[in-house]
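One letter stands for each residue in the lines below.
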Amino acid sequence: MTEITEEYGRPVGGYLRIMAAYGGAVTAAVALAAFLGKKPPERVGVLDLFLMGVSTHRLSRTLAKDSVTSPLRAPFTRFKGVSGPAELKEEPRSAMGELVACPFCLAQWIATAYAAGLVFAPRVTRLAGSTMTAVAVSDWLQFGYAKLMKEAE
């Protein structure tokens, strides 16, 4: 694996371990659901899809970019500066650093956790999704307000 990593120029072994962890987590969730007799929803409704999409977006950005969550990323990244309002720019040190500092990468994990939440605890999952969706809407309103104030100057 070291030869592939060196030749490819990317931490392929780390990516493989992350994919194995993801596959293992999904397999464990499916096995636990089967053991407990939990069934997935017949269908995912439009409201659930909206909550899942917006809350996944917000939570992935919070975990990957927020100053307050930087202690979770610090072992795997290097601080490089500020990248936007309330967001940090960090350089990954490893494959895990790429995962935890990339909102696009984290979104897969978060959406999967949300889907599992709909199987195991749908009411709590929808409440958490609604909370993160409200935070995302608030963010968009803050940006809109700031833009209107700047235009009014």
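It should be emphasised that the depicted structure is a prediction, and the values quoted were computed from it without experimental measurement.

**Topic: the packing of aromatic side chains**
Here is step 1: Scanning all chains against the criterion turns up one aromatic pair.
Here is step 2: Consider the rings of Tyr22 and Trp109, whose centres lie 5.2 Å apart with planes at 70°: the pair is edge-to-face. Taken as a pair, Tyr22 in helix H2 (residues 12–36) and Trp109 in helix H6 (residues 103–120) lie far apart in primary sequence, 87 residues in all.

**A look at the pattern of salt bridges**
Here is step 1: Under the counting rule described, the total for this entry stands at seven salt bridges.
Here is step 2: Among the salt bridges present, the one from Asp48 reaches Arg126, with a minimum N-O distance of 2.7 Å. Here Arg126 lies in helix H7 (residues 122–152) and Asp48 lies in helix H3 (residues 46–65), a separation of 78 residues in the sequence.
Here is step 3: In this structure, Arg78 and Glu91 form a salt bridge, with 3.6 Å as the shortest nitrogen-oxygen distance. Of this pair, Arg78 sits in strand S1 (residues 77–84) while Glu91 is found in strand S2 (residues 87–92), placing the two residues 13 residues apart along the sequence.
Here is step 4: Arg78 sits in the partly exposed class, given a relative accessible area of 40%.
Here is step 5: A relative accessible area of 34% means that Glu91 is categorised as partly exposed.

The rules behind each value
Residues numbered from 1 in each chain as written. Predicted model: local features only at pLDDT ≥ 70, side-chain atom pairs only at ≥ 80, totals over all residues. Heavy atoms only, no water. Phe/Tyr/Trp six-rings, centres within 6.5 Å; stacked < 30°, edge-to-face > 60°. Helix = DSSP H or I, 4+ residues; strand = E, 2+ residues; numbered from the N terminus. Salt bridge = Lys/Arg side-chain N within 4 Å of Asp/Glu carboxyl O. Buried < 20%, exposed > 50% of the residue type's maximum accessible area, 1.4 Å probe, protein only.

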